[in-house]
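What follows is the residue order along each chain.
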Amino acid sequence: MLIEFDKDELLLGYQKRWIADDSVLKIAEKSRRTGLTFAEAADSAISAGTAKGEGGNNVFYVGSNKEMAREFIDAVALWAKIFDKAAGEVQEDVLNDEDKDILTFVIYFESGFKVQALSSNPSNLRGMQGTVIIDEAAFHERLAEVLKAALALTMWGSKVRLISTHNGVENLFNQLIQDSRAGKKRYSIHTITLDNACAEGLYQRICQVTKQEWSPEKEEQWKANLLKDTATEEDALEEYYCVPKSGGGAYIARSLRERAAKLDAPVLRFTGSDAFNQAGEGARMREMQEWLVEHAGPELKKLPQNLRHALGEDFARSGDLTVFAPVIINDDTKRKVPFLVELKNVPFKQQEQALYYICDRLPRRDGIFLDARGNGQYLAEQAHYKYGEEVVEVMLSTAYYRENMPKFKAAFEDDELELPKHEDVITDLGQIQMIRGVPGIDDSRTKGSDGNKRHGDSAIAIFLGFLASKADLTRYELHTISPKGDETHRRFFGSAEENNRHDDAFGERTDLRGKGIRL
């Protein structure tokens, strides 16, 4: 949910959402200087200032240097005064750190709890109990050991928060994020780019604090200067747009793609000739129906009637291919693509005809994810009118790939996906490349075995089919056509932020779980 800037509010929208997220484990990948640590200090003041019977606890801050530690504890003291939490002055304590004494900063609350800044030595967390904040986590030399010590505290109900800008693709911080998006770990992920932060008032707050006049033009110039001042474009993307550096090459290894492509399953292809495209609507419909009955019909009849099915689609009109990828969800939860349908140079109405023919014959159909970019939006809209909430219109984008591709890759790594054994399918999947640290389809074209140019078309259809098979959608046995004016149907945009903005139009709001911060 996008929260517009309000000069009378103490926190910006993304800061409020971070505090509101009460997950045991959460990670923030963020742009530089967006104030998320300041928001964490507010949450720490609330937690340590609350009585034990009301959910209060100690908080331990692990930064990468002494200056960060002092800045954080000072911020906690400031928030304690704002929230009227009785607390003492910031104190300096001596902590025995293996072979030497370390000066730490701490603030004690009347509740009996404290907020203390510790060094990055993992042993300092032993015997402690409370929330652990690891700031600039990607830059800790011993992050794995610190995290291991922190996670041990969760056995008794403590929580762990990791906050950082990125420091390379291979860094453990980025690996935790990718594993969480793949469903392998349970961290709640917050992504705060420079644009995200500014959309909710970061630069307006800077102007308010520094007593400058704000304008959209001035904000754009400020952002442009930040990016221009970095050494390289890669640095700018990592520092301000949450794109870790040093990524490149195929996202899914060739060996994993070949292992998945094991099924003796057909790739059914229809190419619209000039005569077909110039024929009348009735003639085109009859020819397409004959082809579907002859080629797709027998494959659809083979599908197991007792298992759930889903469908993914990548749309194109003339240059590239439209691909339909049905997915079978086996009882052991493995996914299987029993065949693919590829359409080349086929008019919209016949693509719609093919989609309906396939969908109407999928047993226990439970999810349809359609590429709704550009002209694909027409087909997705028409499908929604016919199938209702089963249809999810997907606006593919860098943010969407970043959030969802790790789940797809994990299916290959865990041998949970079986695909048609076809070189074109393996090649299409190879076009999912790491581009500036984020998986996506590159701009190059390959040549298929039938001579047609390809742009990773079957890869996207399979990707969306896989996501449809994993989605928690309502399945309908009978389908009604929704009114044309219905604008409330599902659409998955490129990021959680865009989704939340769409949801907000229907009255959903962020709940700060009683933490006393006004929206």
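Thresholds, definitions, all that
Residues numbered from 1 in each chain as written. Predicted model: local features only at pLDDT ≥ 70, side-chain atom pairs only at ≥ 80, totals over all residues. Heavy atoms only, no water. Salt bridge = Lys/Arg side-chain N within 4 Å of Asp/Glu carboxyl O. Helix = DSSP H or I, 4+ residues; strand = E, 2+ residues; numbered from the N terminus. Buried < 20%, exposed > 50% of the residue type's maximum accessible area, 1.4 Å probe, protein only. 1 Å grid on protein atoms, 1.4 Å probe; cavity = no way out; pocket = protein on both sides within 12 Å on 5 of 7 lines; lining within 4 Å. Points joined across faces, edges and corners; volume = space filled by probe spheres on them. Nonpolar A, V, L, I, M, F, W, Y, C, P; charged D, E, K, R; others polar. Core = buried A, V, L, I, M, F, W, Y, C linked by side-chain atoms within 4.5 Å. Contact = heavy atoms within 4.5 Å. pLDDT = per-residue confidence, 0-100.

What about the pattern of salt bridges?
And then number 1: Counted under the stated rule, the structure contains 34 salt bridges.
And then number 2: Between Arg373 and Asp314 there is a salt bridge, with the nearest N and O atoms lying 3.2 Å from each other. Residue Arg373 is found in the loop between β15 (365-371) and α14 (376-387), and its partner Asp314 is found in strand β11 (residues 308-314); the two are separated by 59 residues along the sequence.
And then number 3: On the basis of relative accessible area, Asp314 is assigned to the buried category, the value being 4%.
And then number 4: Bridged by salt links that share partners, the residues Arg269, Glu342, Asp424, Asp428, Asp450 and Arg454 form one connected network.

Describing the layout of surface pockets
And then number 1: Here the second largest pocket is characterised by a volume of approximately 780 Å³.
And then number 2: Taken together, 27 residues line the second largest pocket, and the ones lying closest to its centre are Arg33, Thr34, Gly35, Phe38 and Glu71.
And then number 3: Those elements that provide at least two residues to the lining of the second largest pocket are α1 (13-20), α2 (36-48), α3 (66-82) and α7 (202-209).
And then number 4: Broken down by element, the lining of the second largest pocket gets its largest block of residues, seven residues, from α3.
And then number 5: Broken down by class, the residue content of the lining of the second largest pocket amounts to 16 nonpolar, four polar and seven charged.

Structural notes on unusual backbone geometry
And then number 1: Although it is not a glycine, Asp84 sits at a positive phi angle of roughly 60 degrees.
And then number 2: Tracing the backbone through its elements, the reader meets Asp84 in the loop between α3 and β3 (91-97).
And then number 3: If you check the backbone angles, Thr333 has positive phi at about 75 degrees while not being a glycine.
And then number 4: By the secondary structure assignment, Thr333 is in the loop between β12 (321-329) and β13 (335-336).
And then number 5: The exposure class assigned to Thr333 is partly exposed, which follows from its relative accessible area of 45%.

Some remarks on the nonpolar core
And then number 1: Among the nonpolar cores identified, the biggest contains 45 residues, and Phe72, Val76, Phe109 and Val115 are the most heavily contacted of them.
And then number 2: Excluding residues within four positions of it along the chain, Val115 makes contact with Ser44, Ala48, Val59, Phe72, Ile73, Val76, Phe105, Val106, Ile107 and Phe109.

What to know about the confidence of the model for the protein
And then number 1: Averaged over every residue, the pLDDT of the protein is 87; the share at 70 or more is 88%.
And then number 2: Per-residue pLDDT, averaged within each element of the protein, yields its smallest value for helix α18 (residues 496-504) (36) and its largest for β13 (98).
And then number 3: Low pLDDT (under 50) marks residues 474-519, which in the prediction has 95 contacts with non-local residues, meaning those over four places away or in another chain.

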